[in-house]
Amino acid sequence: MNIDEMLREAMAVEGAVGVSLVDYDSGMTLGAQGGNALLDLETAGAGNTEVVRAKLRTIAALQLDDAIEDILITLSKQYHIIRPLAEDKGARMFLYLVLDRSRANLALARLHLRRVEQALIV
């Protein structure tokens, strides 16, 4: 599955508002689908790059032998899921999925996003 297919598949999650693939070294959005006037996926991707970097620094400082599976940010009307790609994908990237909280099933969305990640070919 290529990046465009992966983004389309991620948008198939019930309640999906927008999705992007972001390089967390540069903060650059490599692809996006969805979004709206209230959700600028490029700005959100750049901002969430700082979230991922901060968590990675914390894991290193604590000398944890572990990796981030995903980061969940819960807002009153939305869920934001940040899922760093597995290191075997060869790049420092994360998937960023925004869900409408009133229409989404968080557990199913996380499972779906994991499957999408596993099928991605970079």
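Right above here is the structure, for reference.
Below is a summary of the structure that appears in this document. Computed from a predicted structure; not experimentally measured.

Rules of the game
- Residues numbered from 1 in each chain as written.
- Predicted model: local features only at pLDDT ≥ 70, side-chain atom pairs only at ≥ 80, totals over all residues.
- Heavy atoms only, no water.
- Pairing = 2+ DSSP bridges.
- Helix = DSSP H or I, 4+ residues; strand = E, 2+ residues; numbered from the N terminus.
- Axes fitted to C-alpha atoms, helices over the stretch in contact; angles between N-to-C directions.
- Contact = heavy atoms within 4.5 Å.
- Buried < 20%, exposed > 50% of the residue type's maximum accessible area, 1.4 Å probe, protein only.

The next thing to look at is the sheet that holds strand 3 (residues 71–74). In space, the five strands of this open sheet follow the order 2-1-5-4-3, with antiparallel pairing throughout. A single partner strand is all that each edge strand has here, and the edge strands are strand 2 (29–34) and strand 3. For this sheet, the mean inter-axis angle between neighbouring strands, taken without regard to orientation, is 10 degrees. Sheet topology note: the strand 1 (residues 16–23)/strand 5 (residues 93–100) ladder contains seven bridges and is antiparallel. Considered in strand 5, the bridge of Val22 is made with Phe94. Helix 1 (residues 3–11) rests against strand 1, strand 2 and strand 5 of the sheet, and its axis sits at about 150 degrees to strand 1. Running at roughly 30 degrees to strand 4 (residues 78–84), helix 3 (residues 106–119) makes contact with strand 3, strand 4 and strand 5 of the sheet.

What follows is about unusual backbone geometry. Phi at Gln63 is positive, roughly 55 degrees, even though this residue is not glycine. With respect to the helices and strands, the residue Gln63 is situated in the loop between helix 2 (41–61) and strand 3. Accessibility expressed as a relative area gives 72% for Gln63, which makes it exposed.

By themselves, these figures tell us nothing about what the structure is for.
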